[in-house]
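If you want the building blocks of each chain, they are given just below.
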Amino acid sequence: MVQIANEFLIVSASLKGGELTHVIYRPTNQELLYQGDGVWPHQDVIMFPIIGKVCPFEAKGKTYQMENPHGFLRNMTLTLEEQTPTSFTLSYVSTPLTLEHYPYAFRFLMTVKLDGPRLIRSYRIMNLSGEDMPFQFGDHAAYQAKFGQAVMHLGKQNLFYYPRRNDAFVGSPISFPYQEDWLIAKENFRRCDTILLEHPYKELSLSTGYGYRLRY
């Protein structure tokens, strides 16, 4: 476990997968991060080298298979490279085991830094294989919000979502039916849980229903 803090935030993370475990707003002692209620066993998932469902794929003339959705990094123990009172960097380097599922050598770095009330996450993925290295990458932090009270402030922009069937995305993106201020209810969240911002050009924010607002 690694922890950093400033006057606004306390942030903790696990070395396993680099998963955030606590994001606490110090002035009110409010826990912002999802703390688990049996619905989802994680709090934050780093997705690499794939995003989504496990499917066989072809590379270098062979067929490979990931064991888990969203790739293997989420289950690996990262190394603490450096730490200051307000930042830390974790790393992971490919191994013979990862090469059995993804035949490319790489080095992964994740830095978390506090800047006033801002939590800044940055990533660097280095190709050590000496050839083109296809990959997908994403982060999947879960912040607390109340269904029926939380409002996503989307602004005016073209948004799309991917329809789901049996836990897989199917077909092409569909125009998102909500604009501006979207009240997040369970029924429409299930239908439109993954939203595509084709050309994001402005801040997005979420009023969580817990008395605070997250800005992206």
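You'll find the structure just up there.
What you are looking at is a predicted structure, and each value in this text was computed from that prediction instead of being measured.

Draft legend 1. Quick peek at the packing of aromatic side chains. Inspection of every chain in the model, using the stated rule, returns 15 aromatic pairs. Considering the side-chain rings of F48 and F106, the 4.9 Å spacing of their centres and the 65° angle between planes classify their relative orientation as edge-to-face. Here F106 lies in strand β10 (residues 106-115) and F48 lies in the loop between β5 (44-47) and β6 (57-59), a separation of 58 residues in the sequence. Taken as a pair, F48 and F106 share a single burial class, namely buried. Considering the side-chain rings of F48 and F108, the 6.2 Å spacing of their centres and the 35° angle between planes classify their relative orientation as tilted. Of this pair, F48 sits in the loop between β5 and β6 while F108 sits in strand β10, and the two are 60 residues apart along the sequence. No difference in accessibility class separates F48 from F108, as the two residues are buried. One aromatic cluster in this structure is built from F48, F72, Y92, Y102, Y104, F106, F108, Y123, F135 and F137. Above the ring of Y104, the side-chain terminus of K60 is found at 5.0 Å from the ring centroid. Sitting above the plane of the Y210 ring, K146 keeps its charged end 4.8 Å from the centroid.

Draft legend 2. View of the pairing of strand β9 (residues 87-93). The element β9 is extensively covered by neighbouring structure, given that six of its seven residues are classed as buried. Connecting the antiparallel pair strand β8 (residues 79-84) and β9 is a turn made up of two residues. Bridge analysis of β9 against β10 gives seven bridges, and the strand direction is antiparallel. Along β10, the bridge assignment pairs L90 with M110.

Draft legend 3. Expanded view of the sheet that holds strand β20 (residues 205-207). Pairing is antiparallel in the open sheet, where four strands are placed in the order β18-β13-β20-β21. If you trace the sheet from one side to the other, it starts and ends with β18 (181-183) and β21 (213-215), each paired once. Direction aside, the axes of adjacent strands within the sheet are offset by 15° on average. In terms of strand pairing, strand β13 (residues 151-153) meets β20 through three bridges, oriented antiparallel. Counted as the bridge partner of H153 is S205 from β20.

Draft legend 4. Structural view of the environment of M66. Among the structural elements, M66 can be located in the loop between β7 (62-64) and β8. Along the backbone, M66 and C55 are 11 residues apart, and their C-alpha atoms lie at a distance of 7.1 Å. Contact partners of M66, with chain neighbours within four places excluded, come to P49, I50, V54, F57, G71, F72, H101 and Y102.

Draft legend 5. Examining the pattern of salt bridges more closely. Under the definition given, this model contains four salt bridges. With a closest N to O distance of 3.3 Å, E81 and R107 form a salt bridge. Of this pair, E81 sits in strand β8 while R107 sits in strand β10, placing them 26 residues apart in sequence. A relative accessible area of 26% means that R107 is categorised as partly exposed. Of the charged contacts in the structure, one is a salt bridge between D115 and R118, with a shortest N-O distance of 2.6 Å. For D115, a relative accessible area of 37% corresponds to the partly exposed category. Assessed through its relative accessible area of 48%, R118 is described here as partly exposed.

Basis of the calculations
- Residues numbered from 1 in each chain as written.
- Predicted model: local features only at pLDDT ≥ 70, side-chain atom pairs only at ≥ 80, totals over all residues.
- Heavy atoms only, no water.
- Phe/Tyr/Trp six-rings, centres within 6.5 Å; stacked < 30°, edge-to-face > 60°.
- Helix = DSSP H or I, 4+ residues; strand = E, 2+ residues; numbered from the N terminus.
- Buried < 20%, exposed > 50% of the residue type's maximum accessible area, 1.4 Å probe, protein only.
- Lys NZ or Arg CZ within 6 Å of the ring centre and 35° of its normal.
- Pairing = 2+ DSSP bridges.
- Axes fitted to C-alpha atoms, helices over the stretch in contact; angles between N-to-C directions.
- Contact = heavy atoms within 4.5 Å.
- Salt bridge = Lys/Arg side-chain N within 4 Å of Asp/Glu carboxyl O.

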